[in-house]
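A closer look at the structure
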Amino acid sequence: MNSNETGFRELVSRMFDEYIINEMPAHLLQLHPDTGPIETIEVVDRFSLRSYYETTVNEISEDDIVPNADEEWEDAILRLIKQKIRYAILSHRWVNGDSEASFQYMQSKVEVKSFDWHVGGLGKLYAFCQKARNDFNCSFAWCDMCCIDKTSSSELDEAIRSMFRWYRNSHICITYLQETDSVDDLAEDEWFKRGWTLLELLAPFRMKFYGKSWAALNPLHESKNDKYSDSILQEISRVTRIPETDLRVFIPETNRVQEKMVWASSRRTTRVEDIAYSLIGIFDVSLMVAYGEGKRAFYRLMEAILQRCDHWEIFSWKGSSSSYNAALPADPSCYAAVRNTGSFDAEEQLNNERYIIGDRKFSLTNHGLKIKVLLVRVEKVHENVVEGTHGSRKRLVFSHGALGNVELTCMHSKHEPRMEWAFGIIDFWQQYEGGGLAFLDPCRKSRPYTAFLLSYHSNASPDARWRKEMTEDVVHIWPERHMVDSLTVLYL
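These lines cover the structure that appears in this document, whether it is placed above or below. (Residues numbered from 1 in each chain as written. Predicted model: local features only at pLDDT ≥ 70, side-chain atom pairs only at ≥ 80, totals over all residues. Heavy atoms only, no water.)

1. Some words on the pattern of salt bridges
Pairing between side chains becomes possible if they bear opposite charge and their charged atoms approach one another. A full pass over the atoms with the stated rule returns 26 salt bridges. Between Arg79 and Glu71 there is a salt bridge; the shortest N-O distance is 2.9 Å. The class for Arg79 is partly exposed, based on a relative accessible area of 26%. Notably, a salt bridge pairs Asp246 with Arg256, separated by 2.6 Å at the nearest N-O pair. Taken together, the residues span a long stretch of sequence, with Asp246 in helix H9 (residues 244-248) and Arg256 in the loop between H9 and helix H10 (257-264) at a distance of 10 residues. (Salt bridge = Lys/Arg side-chain N within 4 Å of Asp/Glu carboxyl O. Buried < 20%, exposed > 50% of the residue type's maximum accessible area, 1.4 Å probe, protein only. Helix = DSSP H or I, 4+ residues; strand = E, 2+ residues; numbered from the N terminus.)

Pasting the structure below:
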């Protein structure tokens, strides 16, 4: 072996080790033997995966490395390594008893013939392993019931923060829908209403859906990857409101915050913190796991997103604000779906090329959210109290010469009689060389402008400043004439 071959072998070995240590689950199930009926199931660590595939990876030669367009040499090696390592991963909805088939129960090699079928979750686990072996030729599998040592806080922390990558790196994600008989039943399955399953839907490149009798919803001979089954994907897109392009190949980023939060808005988690933790991978942010912190977890998620997001739509929300900052929402349900038309998309692209839209440099400070808005003072012309299921609300009507009357419902019914009011418009337009002036264009017809409802407490000295009010709907305004003014810096 010459020096070039030695250097290549060392590079492959190093990349293989790094991939196993950093990208693979801490524990997996190994199915014995490699072929034929499954006789034993054993919980093993990630280094067993390395030992199993070491010979296969060592067979990679330089001739096998063919970079794709715009792909670096090492990226092509890593892609080939990923193709060699195969494990199936389970996506399912937890039900009572699933926790019985735990890490501790499965820790020793378990013979299938001696299974205690009264143990909750064991039937589901065995059916999953059978599909992994028989349908996808996988000798390793991962399931959250028994592959996480939940007595180890460090392992639980790693699992939650790595979950997106583990699902993405799987050879196949086997999805069990226990309330579904056919594609027509998908909308009613509880799987589509749980928080963690959003990640499990978006992360894998390959998925196969099975109904409650473990029959494939789309026959295997037609497709082994339902992410390319038009009938299933169209129905999932209809149920979840997620575009088919995202269902096929989702790219985790801190863009399109409003849209992604809408995807999560109607989903539930058992632990309130998991509302935030289940979104870590979707937004590709890092967050320490701290069960017991309650709703603060979602505030910390928003903090992490804000550090890398510069688009105004992150503030386009309604309802209750976070207890930690009035400019941020309490949870994903505060975000409402927006119907974007083709004309709006074209307009947004055009104006991003010609103008700055909204403040792109907002930031969280020790004085609150620092953001520039186009401040429009308005007069409150009418109010009345409305009783609802969540207590009394105050219905207010505001007036301005260029905006007409704007009617809003405030979630706080008590306001001072001499309070001042304003709209802080967050998606104003500004020329790149505009000298600090911003404007609203009345010809913008495809979508209204978005604003904060602001109140000013003159007797709140020494902290007299504009404050964001909570409203039951996103504040939208339609200007009736062209408006130009300097921007105002707020600390909310």
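2. What about the sheet that holds strand S2 (residues 40-45)?
Taken in spatial order, the seven strands make up an open sheet running S4-S2-S1-S5-S3-S6-S7, and their pairing is mixed. The open sheet has two edge strands with one neighbour each: strand S4 (110-111) and strand S7 (207-210). When strand S1 (residues 27-32) meets S2, the two strands line up antiparallel, connected through six bridges. When the sheet's bridge partners are listed, Leu28 is paired in S2 with Val44. Seen against the sheet, helix H2 (residues 46-58) touches S1, S2 and strand S5 (140-142) and runs at an angle of roughly 105° to S2. (Pairing = 2+ DSSP bridges. Contact = heavy atoms within 4.5 Å. Axes fitted to C-alpha atoms, helices over the stretch in contact; angles between N-to-C directions.)

3. Some remarks on unusual backbone geometry
Glycine aside, residues mostly have negative phi, and peptide bonds are mostly found in the trans state. The omega angle of the peptide bond from His32 to Pro33 is -15°, so this bond is cis rather than trans. With respect to the helices and strands, Pro33 occurs in the loop between S1 and S2. A positive phi angle, near 65°, is found at Trp214, a position not held by glycine. Relative to the elements of secondary structure, Trp214 occurs in the loop between S7 and helix H8 (230-240).

4. Overview of the side chain of Glu200
Along the chain, the position of Glu200 falls in helix H7 (residues 196-202). Buried charge without a salt bridge: Glu200, with Arg267 as the nearest opposite-charge side chain at an N-O distance of 8.1 Å. Within polar-contact distance, the side chain of Glu200 engages the side chain of Ser91 at 2.5 Å. Apart from the residues lying within four places of it in its own chain, the contact partners of Glu200 are Ser91, His92, Tyr167, Cys173, Trp191 and Met207. (Lys, Arg positive; Asp, Glu negative; His and termini not counted. Polar contact = N/O pair within 3.5 Å; in protein donor to acceptor, adjacent residues only side chain to side chain.)

5. As for the environment of Ile426
With respect to the secondary-structure elements, Ile426 resides in the loop between strand S13 (420-425) and strand S14 (429-431). Overall, the relative accessible area of 1% leaves Ile426 in the buried class. It is 6.8 Å that separates the C-alpha atoms of Ile426 and Leu374, two residues lying 52 residues apart in sequence. Non-local contacts of Ile426, meaning those with residues more than four positions away in its chain, are made with Trp312, Phe315, Gly358, Asp359, Ile371, Val373, Thr450, Ala451 and Phe452.

6. Brief notes about H10
Within H10, seven of the eight residues are buried, leaving the element largely enclosed by the surrounding structure. Among the residues of H10, those classed as buried are Val257, Gln258, Lys260, Met261, Val262, Trp263 and Ala264. For H10, the secondary structure elements touched by its buried residues are H7, H8, H9, helix H12 (280-283) and helix H13 (296-306).

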